[in-house]
Amino acid sequence: VKERADQCIDTSGLSAAALRRKVAGELLEPTHTGKLAVTFTSFGHKHGPPRDADLALDVRFLPKPHYEAELRPLTGFDRRIVDYVGRDGRLEEFYAHVVPLLEYLLPQYVTEGKAHLMVAIGCTGGRHRSVVIAEHLAGVFKDRPDLIVEVAHRDVDRLPLKR
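## Digging into the overall build of the protein
Each helix and strand in the protein was counted, giving four helices and four strands. Starting at the N terminus and walking to the C terminus, you meet the elements of the protein as α-β-β-α-α-β-α-β. A burial count over the protein gives 38% of its 163 residues as buried. Within the protein, contacts between residues at least 6 apart in sequence are counted, and of these 80% link residues at least 24 apart.

Okay, structure coming up:
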């Protein structure tokens, strides 16, 4: 165990899993399993950014389902939301840029000895666009033998405001 007696970890707002990763990353000597654990997590900017994000992507430029009354109660798990967010082609264009960027960055983090990487994807409320993208990116990278992929959705269960 590294000597880190002078360092504290702020646990407010951390889930048990996030705390476990934080403690392991901060206090334990890195082990080289050859695999990088990557968590793609969705969040809502209006609820604040995730405290332990390594990379944050803001996807508020994509079409916002919240403004459509019939879509508002749904989440990014619903095919109608995926279709709505991708309706103008910008979602696929976004993936065409982000996937190669991650393919470049992930091995760089491994080389630096990082064991876990959190990629946070944020939209306004954390229920629609960011969920669609976190799920998609996790699906793209889940079968890679050099990665352990998780997906988390911090704000997906927060109810939308009535309009």
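## Notes on the nonpolar core
Counting 30 residues, the largest nonpolar core has Phe40, Leu102, Val119, Ile121, Ile133 and Leu137 as the members making the most contacts within it. It is helix α3 (residues 90–111) that contributes the most residues to this core, eight residues altogether. Once you skip the residues sitting within four places of it in the chain, Val119 turns out to touch Val38, Thr39, Phe40, Thr41, Leu55, Leu57 and Leu102.

## Considering the confidence of the model for the protein
On average, the protein scores 88 in pLDDT, and the residues at 70 or more come to 83%. Looking across the protein, the model is least confident in helix α1 (residues 16–27), with a mean pLDDT of 66, and most confident in helix α4 (residues 129–141), with 98.

## Side note on α3
In this model α3 runs 32 Å from its N-terminal to its C-terminal C-alpha over 22 residues, within 8% of the 32 Å that 1.5 Å per residue would give. Every buried residue belonging to α3 is among Leu91, Phe94, Tyr95, Val98, Val99, Leu102, Leu105 and Leu106, and all of these are buried. Against β1 (36–44), β2 (55–58), α2 (79–85), β3 (116–123), α4 and β4 (147–153) lie the buried residues of α3. Positioned one or two residues after α3, Gly113 has a phi angle of 90 degrees, which is positive.

## A look at the pairing of β1
Most of β1 sits inside the fold, with nine of its nine residues counted as buried. Taking every second residue as pointing to the same face, both faces of β1 are buried, with Leu36, Val38, Phe40, Ser42 and Gly44 on one and Ala37, Thr39, Thr41 and Phe43 on the other. As defined by bridge partners, β1 adjoins β4 across seven bridges and the pair is classed as parallel. Note on β4: the bridge partner recorded for Thr41 is Ala152. Pairing analysis gives eight bridges linking β1 to β3, with the strands arranged parallel. For Ala37, the partnering residue across the bridge sits in β3 and is His116.

## Observations concerning the packing of α3 against α4
When two helices pack together, their arrangement is captured by the angle between the axes and the distance separating the axes. Interaxial distance between α3 and α4 falls to 11 Å at its minimum, and their mutual angle equals 50 degrees. By the angle class used here, α3 and α4 are oblique. Crossing handedness for the pair α3 and α4: right-handed. Residues Leu91, Phe94, Tyr95, Val98, Val99, Leu102, Glu103 and Leu106 of α3 form the contact with α4, whose own contacting residues are Val132, Ile133, His136, Leu137, Val140 and Phe141. Here the residues of the contact of α3 with α4 sort into 12 nonpolar, one polar and one charged.

How each quantity is defined
- Counting from 1, residues in each chain are numbered in the order their sequence is written.
- Residues qualify for local features only when their pLDDT is at least 70, as the model is predicted, and side-chain atom pairs are given and counted only at 80 or more; totals for whole chains, interfaces and linings, by contrast, use all residues.
- To obtain the side-chain values, all non-hydrogen atoms of the structure were included, while hydrogens and water were left out.
- A run of DSSP states H or I qualifies as a helix once it reaches four residues; a run of E qualifies as a strand once it reaches two. Both are numbered from the N-terminal end.
- Burial here depends on accessible area, computed with a 1.4 Å probe over protein chains only, as a share of the maximum for the residue type. Under 20% is buried, over 50% is exposed, and the range in between is partly exposed.
- In what follows, residue pairs with any heavy atoms lying within 4.5 Å of each other are defined as contacts.
- Among buried residues, the Ala, Val, Leu, Ile, Met, Phe, Trp, Tyr and Cys ones that are joined through side-chain atoms within 4.5 Å form a nonpolar core.
- The predictor rates its confidence in each residue with pLDDT, a number between 0 and 100.
- By definition here, a helix of n residues has an expected span of 1.5 Å times n minus one.
- At least two DSSP bridges between two strands are needed for those strands to be called paired.
- Axes here refer to lines fitted to C-alpha atoms; in helices the fit is confined to the stretch in contact. Angles between the N-to-C directions go from 0 to 180 degrees.
- To sort the angles, those under 35 degrees are grouped as roughly parallel, those over 145 as roughly antiparallel, those from 65 to 115 as roughly perpendicular, and the leftovers as oblique.
- Two helices that cross are described as forming a left-handed crossing if the nearer one is turned anticlockwise from the farther one by less than a right angle, and a right-handed crossing if clockwise.
- When residues are sorted by character, Ala, Val, Leu, Ile, Met, Phe, Trp, Tyr, Cys and Pro go into the nonpolar class, Asp, Glu, Lys and Arg into the charged class, and all the rest, Gly among them, into the polar class.

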